[in-house]
Amino acid sequence: MKKTLSFMIVTLSLITTFFAEEESVNFRKLTVEDAVMLAADNNISLQKQRNSLELLEKQNAYSWNSVSPSIKASGSYTLPFEDTSAWSMSGTLSLGLSFTPSLFTTINAAKLNYENGIESYESAVRTIELSVRKAFYSILYTKEYLNLLERNMETAKQRYSLNLDKYNRGQLSELDLLSSQYSYESLVPTFESSLISYENTIANFKQTLGLDQTVELELDGNLEDYDFIEDFTIEKAIEEIPSVKTIQASIDLAKNQLMASRFSAWGPVVSLSYSYGKETDASGSWATTYGSNKLGISVSIPLDGYLPWSSGALSIENQKTNLKNLELELENAKTSAELTVQNSSKSIMQAQNQLESLKKNVDLAQKTYDMTLNAYNHGSKDLLTLQNSADSLLSAKINLMQQKYTLISAVLDLENTLGIPFGSLGTK
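This one's a predicted model, so the numbers in the text were calculated from it and none came from an experiment. (Residues numbered from 1 in each chain as written. Predicted model: local features only at pLDDT ≥ 70, side-chain atom pairs only at ≥ 80, totals over all residues. Heavy atoms only, no water.)

A. Main features of helix α5 (residues 174-185). End to end, α5 covers 16 Å across 12 residues, agreeing with the expected 16 Å (1.5 Å per residue, within 8%). Those residues of α5 lying buried are Leu177, Ser180, Ser183 and Tyr184. Summarising the axial view, the buried residues of α5 lie within an arc of 125°, below the 170-degree limit, and thus occupy one face. Within α5, the exposed residues directed more than 90 degrees away from the buried face are Leu175 and Tyr182. (Helix = DSSP H or I, 4+ residues; strand = E, 2+ residues; numbered from the N terminus. Expected span 1.5 Å × (residues − 1). Buried < 20%, exposed > 50% of the residue type's maximum accessible area, 1.4 Å probe, protein only. Arc of directions from axis to C-beta.)

Okay, here's the thing in structure tokens:
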């Protein structure tokens with residue numbers, strides 16, 4: 001009996017441990033920083049960007065390979081059909097090397113492409129981080145919105161139940177009863193629709209973080225946790241803003257490509273070659289092959305590039321035009337970036353002021369509702385007035401939460417535009 005009891009205890013312990021581990025595996029509690037780290041490690045898009053960056057790094061490291069010498073080795077063996085003929089063997093080793101001015105532009109292009117690859121990867125990281133942070137606070141906002149709807153729906157349900165009791169006792173008109181029933185039931189589809197949208201957002205959020213859809217998420221945070229820097233100044237130089245730096249990088253590549261086109265059209269090509277060979281003579285001894293032990297140097301200079309209608313000359317003109325267009329685009333990008341930063345800063349300041357007004361509106365709507373509810377319970381206010389007061393309170397609370405999320409998103413967008421660390425203008 002004791003053995004049986006001990007076996008059951010051990011079995012129950014193992015089962016409990018298994019389900020506890022299973023639950024821990026399928027449950028994650030995340031702060032916004034945890035979510036950012038998960039996305040950086042697991043996001044498929046970033047993994048592809050890392051692979052591309054590794055390739056660019058290798059291409060940059062071996063960009064000199066155009067001057068790598070070409071090496072060839074050849075050999076032959078001749079076996080005669082007649083006994084009077086001697087057999088023979090021969091071998092030749094040759095090396096070739098070419099130098100062109102394009103070597104410089106090739107190496108520089110690989111360097112620029114690698115540097116741009118680093119910038120692109122960092123931009124992709126910031127894009128994912130921005131998406132994760134905004135999604136995190138969007139989920140918090142939607143959750144609060146659902147909680148608010150659910151509480152309001154429960155209050156409307158209770159009010160309908162009380163009114164139904166009053167109606168059955170002849171203390172309430174059928175019109176007031178139907179009005180309270182509609183007030184409750186009209187909230188149900190809104191809540192269900194918002195719940196589905198919330199679940200879809202959670203599913204997309206898990207995909208971004210690289211988590212399995214079976215994992216249950218709990219977000220550790222609140223919209224109230226986000227603090228704003230009320231008075232901030234923008235000291236970032238326009239030239240350092242990512243959108244401007246991207247075009248500047250394109251200009252650097254275009255200048256290098258223009259130089260490459262000029263080298264291709266006008267630059268000389270210097271080629272070096274060396275060959276060495278041996279073969280057997282009639283006695284079977286090895287001897288140097290006649291004319292194979294030699295060093296050659298050649299220089300070729302293209303002349304058609306000097307003709308204005310040649311493909312080389314037209315390629316140069318094409319690169320010049322492309323460079324001019326990029327320089328115009330750069331000036332426009334600087335102006336646009338400056339306006340974006342100014343407008344975003346003003347919008348954030350304005351949104352902060354509106355947030356204070358919305359907080360006062362919630363306090364006022366709450367007092368109005370409390371007073372109206374008390375008056376309704378004493379019979380001095382009708383049901384329609386109470387419902388209007390409840391709707392106003394719900395609207396005020398939703399507007400406040402929505403404004404908080406809008407302000408958080410605006411701050412994150414401005415930080416991303418400036419290319420500064422997230423949290424520089426608004427911190428948790």
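B. Representation of the pattern of salt bridges within the structure. Summed over all chains, the structure comprises 9 salt bridges. Its salt-bridge partner being glutamate 129, residue arginine 133 comes within 2.9 Å of it at the nearest N-O pair. In this pair, arginine 133 and glutamate 129 both sit in helix α4 (residues 102-168), 4 residues apart, roughly one turn of the helix. The buried category is assigned to glutamate 129, whose relative accessible area is 17%. A network of salt bridges, in which partner residues are shared, links Glu33, Glu129 and Arg133. (Salt bridge = Lys/Arg side-chain N within 4 Å of Asp/Glu carboxyl O.)

C. Quick peek at the confidence of the model for the chain. On average, residues of the chain carry a pLDDT of 78, and 80% of them reach 70 or more. In the model of the chain, helix α1 (residues 2-25) stands out as the element of lowest mean pLDDT, 46, in contrast to helix α6 (residues 187-209), which has the highest, 88. Confidence drops under a pLDDT of 50 for residues 1-12, and excluding neighbours within four residues, the segment shows 0 contacts in the predicted structure. Long-range and interchain partners of residues 18-24, a stretch whose pLDDT sits below 50, account for 0 contacts in this model, where long-range means more than four residues apart. (pLDDT = per-residue confidence, 0-100. Contact = heavy atoms within 4.5 Å.)

D. Region of interest: a nonpolar patch on the surface. A cluster of nonpolar side chains, contributed by Phe99, Trp266, Leu272, Tyr274, Leu295, Ile297, Val299, Ile301, Leu303 and Tyr306, occupies part of the molecular surface with about 1,000 Å² of accessible area. Among the elements of the structure, β6 (269-280) and β8 (294-300) are those that each provide at least two residues to the nonpolar patch. Considering every element that reaches the nonpolar patch, the biggest residue donor is β8, with 3 residues. Position of tyrosine 306 relative to the elements: it lies in the loop between β8 and α8 (311-377). (Patch = residues over 30% accessible without salt bridge, like charges linked within 9 Å, V, L, I, M, F, W, Y side chains within 5 Å. Areas by Shrake-Rupley, 256 points an atom, 1.4 Å probe, with all protein chains shown as cover.)

E. Layout of the packing of aromatic side chains. For the structure on display, the rule yields 3 aromatic pairs. Relative to tyrosine 137, the ring of phenylalanine 136 lies with its centre 5.5 Å away and its plane at 80°, an arrangement referred to as edge-to-face. A centroid spacing of 5.9 Å and a plane angle of 10° characterise the contact between tyrosine 141 and tyrosine 405, whose relative ring orientation is stacked. Of this pair, tyrosine 141 sits in helix α4 while tyrosine 405 sits in helix α9 (residues 383-418), and the two are 264 residues apart along the sequence. Accessibility classification places tyrosine 141 together with tyrosine 405 in one group, the buried group. A connected cluster of aromatic rings, assembled from ring pairs, spans Tyr141, Tyr145 and Tyr405. (Phe/Tyr/Trp six-rings, centres within 6.5 Å; stacked < 30°, edge-to-face > 60°.)

F. Seen up close, the packing of helix α3 (residues 44-61) against α4. Running from amino to carboxyl end, α3 crosses α4 at an angle of 165°, the nearest separation of the two axes being 9 Å. It follows that α3 is roughly antiparallel to α4 by the angle criterion. In terms of crossing hand, the pair formed by α3 and α4 is left-handed. Touching Leu46, Gln49, Arg50, Leu53, Leu56, Glu57, Gln59 and Asn60 of α3 are Ile107, Ala110, Lys111, Asn113, Tyr114, Gly117, Ile118, Ser120, Tyr121, Ala124, Val125 and Ile128, all from α4. Taken together, the residues of the contact of α3 with α4 sort by class into 11 nonpolar, 6 polar and 3 charged. (Axes fitted to C-alpha atoms, helices over the stretch in contact; angles between N-to-C directions. Parallel < 35°, antiparallel > 145°, perpendicular 65-115°, else oblique. Left-handed = near helix turned anticlockwise from the far one by under 90°. Nonpolar A, V, L, I, M, F, W, Y, C, P; charged D, E, K, R; others polar.)

G. Seen up close, the packing of helix α2 (residues 32-42) against α4. α4 packs onto α2 with a crossing angle of 140° between their chain directions and a minimal axis gap of 9 Å. In this structure, α2 crosses over α4, and the sense of that crossing is right-handed. Contacts between α2 and α4 involve Val32, Glu33, Ala35, Val36 and Ala39 on the former and, on the latter, Ile128, Glu129, Val132, Arg133, Phe136 and Tyr137. Residues that form the contact of α2 with α4 fall into these classes: 8 nonpolar, no polar and 3 charged.

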